[in-house]
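As a plain string of letters, each chain reads:
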Amino acid sequence: NHLLYETAQLGSKRFALPPGNLGWPFIGNMWSFLRAFKSPYPDSFMDSFLSRYGNTGMYKAFMFGSPSVIVTSAEACKRVLNDDEAFGSGWPPSTMKLIGENSFIGISNQEHKRLRRITAAPVNGYDALATYLTYIEKIVVSSLDKWGNMGEIEFLTELRKLTFKIIMYIFLSSESETIMEALEREYTMLNLGVRAMAINIPGFAYYKALKARKNLEATFGSIVRGRRMERERKENSKTMKRDMLDALLEAEDEDGRRLSDEEIIDVLIMYLNAGHESSGHTMMWATIFLQQHPHFLQKAKAEQEEMIKKRPVGQKGLTLKEVRQMPYLSKVIDETLRVVTFSLTVFREAKHDVKISAYKLSNSLLSFLFNDFIPKAGSFLPFGAGSRLCPGNDLAKLEISVFLHYFLLNYKLERVNPESPIRYLPHSKPEDNCLGRIKRLV
Ligand code: HEM
């Protein structure tokens with residue numbers, strides 16, 4: 001179920017703002033938000049609005065430094081996500097500083113459209129996915145094999161490295177372990193700052209995140225400059241392998257303007273972040289949930305075994321057609337996405353006052369996915385909707401399906417602390433990063 005927020009220009013004319021409260025001076029509702037999300041009951045944050053103001057689906061609040069409206073009903077969320085005329089990106093300035101002013105959350109709708117055109121098909125198109133499948137499969141098989149021999153591992157940490165390798169390969173053709181490990185560590189710091197209070201003082205998460213951002217900028221900067229030089233040297237070489245960085249370096253607008261290094265760096269920082277955290281966490285949760293429910297695990301495994309039996313003799317590995325015909329596994333992934341709600345919030349800014357239901361919304365807005373889910377067609381939006389629908393949705397489902405295919409057929413996870421408490425920020429995960437052993441089935 002969806003829950004959107006909106007920053008409101010207080011002082012209504014024709015319509016009333018939704019019910020709610022603006023919390024404490026300066027910090028608004030952030031304290032109760034952080035308290036709830038650092039407790040075992042994150043839902044208590046929204047529950048307090050529900051119990052005080054009723055199930056109106058929209059609530060006035062003060063979040064992330066702005067007066068806001070939280071929108072919780074799927075209907076209202078869809079209205080907002082699909083109305084580009086009334087709403088633009090509205091992420092808090094503190095987040096923008098971390099993700100980049102030239103990234104998709106900082107640029108005009110027109111520029112956003114252009115960069116989506118350049119980047120979406122090469123990430124998510126059928127041909128692209130068919131090409132990536134071979135690489136994803138290779139890396140999933142070798143990673144599982146390696147983890148099987150490693151003893152105790154932080155399963156989530158390893159999965160994040162795995163998904164990071166995949167997105168690095170797609171964008172930069174890079175397979176260098178050292179670069180990857182260093183970048184991955186910086187991303188962990190960056191993300192801890194994204195939903196923290198924007199306190200830029202040594203020791204605070206946001207301060208460390210800004211430092212991580214600087215390091216990411218420096219590394220990507222040297223990668224972009226290096227590639228420009230390499231391309232100049234090999235100007236006419238047809239044998240050069242092309243990846244997303246080449247596409248970004250070649251892109252021109254109607255006036256022949258090319259993207260600057262700064263613009264490319266921000267797009268890379270954003271894509272590589274969005275493109276690995278989410279799928280890594282989803283792989284872990286799907287594995288945990290399946291193991292907690294052996295009946296569903298057996299059904300999911302049986303589907304994979306059945307599929308392999310039907311394969312033509314001589315076929316090695318998965319085909320894209322097979323991956324798209326795993327109805328049960330696909331439901332397992334959807335259910336995981338629904339329960340886990342990886343994208344807790346998205347933010348939008350109203351360009352002018354907008355009336356939704358009986359309420360006025362203005363300024364900026366963000367969405368939560370909420371857990372009192374009443375199944376209704378069109379109310380499940382794990383990848384968002386409208387012009388900012390996740391451009392990596394098919395890639396994500398492909399990665400997760402390939403991983404679960406090989407895991408279910410050959411491995412099991414033995415957790416060290418199956419009752420480990422859960423952390424909800426920046427993303428839900430067991431506190432011990434799912435410490436355990438990956439064991440090969442005999
Ligand atoms: C389970 C995995 C994933 C989930 C749940 C997820 C979820 C989302 C959601 C809800 C949005 C919409 C944000 C908004 O409306 O402001 C989004 C946007 C985005 N996602 Fe994903 N995502 C996933 C995987 C990926 C992958 C693999 C990539 C990389 C290719 C990716 C790249 C992006 C980018 C670049 C955006 C910004 C799009 C824009 O503003 O136009 N995501 N994602």
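The structure we're discussing is the one just above.
1. Description of the overall build of the protein chain
Then comes step 1: Scanning the protein chain for helices and strands turns up 15 helices and 11 strands.
Then comes step 2: Against the 2.2 N^0.38 benchmark of 22 Å for 442 residues, the protein chain shows a C-alpha radius of gyration of 22 Å, consistent with a compact globule.
Then comes step 3: Taken over the C-alpha atoms alone, the protein chain extends approximately 70 × 55 × 45 Å along its principal axes.
Then comes step 4: Counting only residues that meet the buried cut, the protein chain has 53% of its 442 residues in that class.
Then comes step 5: Considering only contacts within the protein chain whose residues lie at least 6 apart along the sequence, 74% involve residues at least 24 apart.
Then comes step 6: Surface exposure of the protein chain reaches about 20800 Å², of which carbon and sulfur atoms provide 55%.

2. A short note on the coordination of the iron atom of the ligand
Then comes step 1: The protein gives the iron atom of the ligand a lone donor atom, Cys390 (SG), placed 2.3 Å from the metal.
Then comes step 2: Positionally, cysteine 390 belongs in the loop between β7 (359-369) and α15 (393-410).

3. Examining the environment of glycine 90
Then comes step 1: Its location among the elements puts glycine 90 in the loop between β4 (87-89) and α4 (93-99).
Then comes step 2: Note on glycine 90: relative accessible area 7%, which makes it buried.
Then comes step 3: Between the alpha carbons of glycine 90 and arginine 348 there is a distance of 4.0 Å; along the sequence they are 258 residues apart.

4. Section: the site of the ligand
Then comes step 1: Looking at the ligand, there are 26 residues lining it, with His112, Arg116, Ser278, Arg348 and Cys390 nearest.
Then comes step 2: Contact between the ligand and histidine 112: an oxygen atom at 2.6 Å from a side-chain N or O atom of the residue.
Then comes step 3: Interatomic distance of 2.8 Å between a side-chain N/O atom of arginine 116 and an oxygen atom of the ligand.
Then comes step 4: Taking a 2 Å distance to the grid points as the criterion, the majority of the atoms of the ligand fall inside the largest cavity.
Then comes step 5: Put simply, the parts of the chain that give the shell around the ligand at least two residues each are α5 (109-124), α11 (261-292) and α15.
Then comes step 6: Classifying every residue of the shell around the ligand gives 14 nonpolar, 8 polar and 4 charged.

5. Re the nonpolar core
Then comes step 1: Residues Phe171, Phe220, Leu268, Leu272 and Phe403 are the most contacted members of the largest nonpolar core, which totals 91 residues.
Then comes step 2: Looking at this core, the element that brings in the most residues is α11, giving 14 residues.
Then comes step 3: Every residue in contact with leucine 268, bar those within four places of it in the chain, is listed here: Phe171, Leu172, Tyr187, Phe220, Val224, Leu245 and Leu248.
Then comes step 4: Counting residues in each nonpolar core, the second largest holds 17 residues, with Phe37, Phe45, Phe49 and Leu344 among its members.

6. Regarding the pattern of salt bridges
Then comes step 1: Tallied over the entire structure, the rule returns 27 salt bridges.
Then comes step 2: Its salt-bridge partner being glutamate 250, residue arginine 231 comes within 3.0 Å of it at the nearest N-O pair. Residue arginine 231 is found in helix α9 (residues 205-233), and its partner glutamate 250 is found in helix α10 (residues 244-250); the two are separated by 19 residues along the sequence.
Then comes step 3: Two residues, glutamate 431 and arginine 423, come together in a salt bridge whose shortest N-O distance is 3.9 Å.
Then comes step 4: Using a relative accessible area of 41% as the deciding quantity, one classes arginine 423 as partly exposed.
Then comes step 5: Residues participating in the shared-partner salt-bridge network are Arg227, Glu230, Arg231, Arg242, Asp243, Asp246 and Glu250.

7. Some thoughts on unusual backbone geometry
Generally, phi is negative for residues other than glycine and the peptide bonds are trans, each holding for most cases.
Then comes step 1: Here leucine 425 and proline 426 are connected by a cis peptide whose omega angle stands at -5°.
Then comes step 2: Along the polypeptide, proline 426 turns up in the loop between β9 (422-423) and β10 (429-430).
Then comes step 3: The residue asparagine 433 is not glycine, and still its phi comes out positive at about 55°.
Then comes step 4: Checked against the element boundaries, asparagine 433 lands in the loop between β10 and β11 (435-440).
Then comes step 5: The backbone of cysteine 434 sits at a positive phi, close to 65°, despite the residue not being glycine.
Then comes step 6: Within the secondary structure, cysteine 434 sits in the loop between β10 and β11.
Then comes step 7: A relative accessible area of 0% means that cysteine 434 is categorised as buried.

8. So, α15
Then comes step 1: The end-to-end C-alpha distance of α15 is 26 Å, a good match for the 26 Å that 18 residues give at a rise of 1.5 Å each.
Then comes step 2: The element α15 is largely enclosed, with a buried count of 15 among its 18 residues.

9. Concerning the pairing of β11
In the case of a regular strand, side chains alternate between the two sheet surfaces.
Then comes step 1: Where strand β5 (residues 152-154) lies against β11, 3 bridges are found, and the strand directions are antiparallel. When the bridges of β11 are listed, glutamate 152 appears paired with arginine 437.
Then comes step 2: The pairing of strand β8 (residues 411-415) with β11 spans 5 bridges and is classified as antiparallel. Paired with leucine 413 across the strands is isoleucine 438, a residue of β11.

10. Quick look at helix α7 (residues 155-172)
Then comes step 1: Between the first and last C-alpha of α7 there are 25 Å, a value that for 18 residues agrees with the 26 Å anticipated at 1.5 Å per step.
Then comes step 2: Most of α7 sits inside the fold, with 16 of its 18 residues counted as buried.
Then comes step 3: At the exit of α7 stands serine 173, carrying a positive phi of roughly 55°.

11. What to know about empty space enclosed by the protein
Then comes step 1: Considering all chains together, one arrives at 3 cavities of 30 Å³ or more under this definition.
Then comes step 2: Approximately 1200 Å³ is the volume found for the largest cavity.
Then comes step 3: Taken together, 47 residues form the lining of the largest cavity, with Trp91, Ala274, Ser343, Val346 and Cys390 sitting closest to its centre.
Then comes step 4: For the lining of the largest cavity, the elements supplying multiple residues, two or more each, are α4, α5, α8 (177-194), α11, β7 and α15.
Then comes step 5: At 9 residues, α11 tops the list of elements feeding residues into the lining of the largest cavity.

12. Digging into the state of the cysteines
Then comes step 1: The full count for this structure, using the stated rule, is 0 disulfides.
Then comes step 2: The cysteine cysteine 77 is free of any disulfide, with cysteine 390 supplying the nearest cysteine sulfur at 17 Å.

13. Notes on the packing of aromatic side chains
Each aromatic ring pair is summarised here by two numbers: the centre-to-centre distance and the angle between the ring planes.
Then comes step 1: Under the criterion given, the structure shown has 17 aromatic pairs.
Then comes step 2: Plain terms: the ring middles of phenylalanine 403 and phenylalanine 407 are 5.8 Å apart, the flat faces sit at 25° to each other, and that makes the pair stacked. You can see phenylalanine 403 and its partner phenylalanine 407 sitting in helix α15, 4 residues apart, about one turn around the helix. Accessibility classification places phenylalanine 403 together with phenylalanine 407 in one group, the buried group.
Then comes step 3: Taken together through their ring pairs, the aromatic side chains of Phe33, Phe37, Phe45, Phe49, Tyr53, Tyr59, Phe64, Trp91 and Phe347 make up a single cluster.

Cut-offs used in this document
- Each chain carries its own residue numbering, running from 1 in the direction its sequence is written.
- Restriction of local features to residues with pLDDT of at least 70 applies here, the model being predicted, together with a cutoff of 80 or more for giving and counting side-chain atom pairs; totals for whole chains, interfaces and linings are based on all residues.
- Side-chain metrics rest on all non-hydrogen atoms present in the structure, leaving aside hydrogens and water.
- Helix and strand assignments follow DSSP, with helices taken as H or I runs no shorter than four residues and strands as E runs no shorter than two, numbered in order from the N terminus.
- Only C-alpha atoms enter the radius of gyration, while the globule expectation follows 2.2 Å times N to the 0.38, with N the number of residues.
- Partly exposed describes any residue whose relative accessible area lies between the buried limit of under 20% and the exposed limit of over 50%, with all areas from a 1.4 Å probe on protein chains only and scaled to the type maximum.
- Throughout, a contact is declared for two residues whenever any of their heavy atoms are within 4.5 Å.
- In this description, accessible areas are obtained by the Shrake-Rupley approach with a 1.4 Å probe, and a residue is regarded as covered only by the protein chains that are shown.
- Metal donors were taken as nitrogen, oxygen and sulfur atoms no farther than 2.8 Å from the ion, or 3.2 Å where the ion is Na, K or Ca. Water is excluded, so coordination may look unfinished.
- Definition of nearness: a residue and a molecule or strand are near each other if at least one heavy atom of the residue lies within 4 Å of the molecule or strand.
- Whenever a nitrogen or oxygen atom comes within 3.5 Å of another N or O atom, the pair is scored as a polar contact, on the condition that within protein one atom can donate a hydrogen and the other can accept it, and that pairs from neighbouring residues in sequence are kept only if both atoms are in side chains.
- Any residue with an atom within 4 Å of a point lines the site, the site being either a cavity, points on a 1 Å grid over the protein atoms alone where a 1.4 Å probe fits but cannot get out, or a pocket, an open set with protein on both sides within 12 Å along at least 5 of 7 lines.
- Here the criterion for a molecule occupying a pocket or cavity is that more than half of its atoms lie within 2 Å of the pocket grid points.
- Residues are sorted three ways: Asp, Glu, Lys and Arg are charged, Ala, Val, Leu, Ile, Met, Phe, Trp, Tyr, Cys and Pro are nonpolar, and all the rest, Gly among them, are polar.
- For our purposes a nonpolar core is just a set of buried Ala, Val, Leu, Ile, Met, Phe, Trp, Tyr and Cys residues, chained together by side-chain atoms within 4.5 Å.
- By definition, a salt bridge exists where a carboxyl oxygen of Asp or Glu is found within 4 Å of a side-chain nitrogen of Lys or Arg.
- What a helix is expected to span follows from its residue count: subtract one and scale by 1.5 Å.
- Each pair of strands is called paired provided DSSP finds at least two bridges between the two strands.
- Grid points are joined across faces, edges and corners, and a volume is the space filled by probe spheres set on the points.
- Whenever a pair of cysteine sulfur atoms sits within 2.5 Å, that pair is classed as a disulfide.
- Aromatic contacts are taken between Phe, Tyr and Trp rings whose centres are within 6.5 Å, Trp giving its six-membered ring; a plane angle under 30 degrees counts as stacked, one over 60 as edge-to-face, and the others as tilted.

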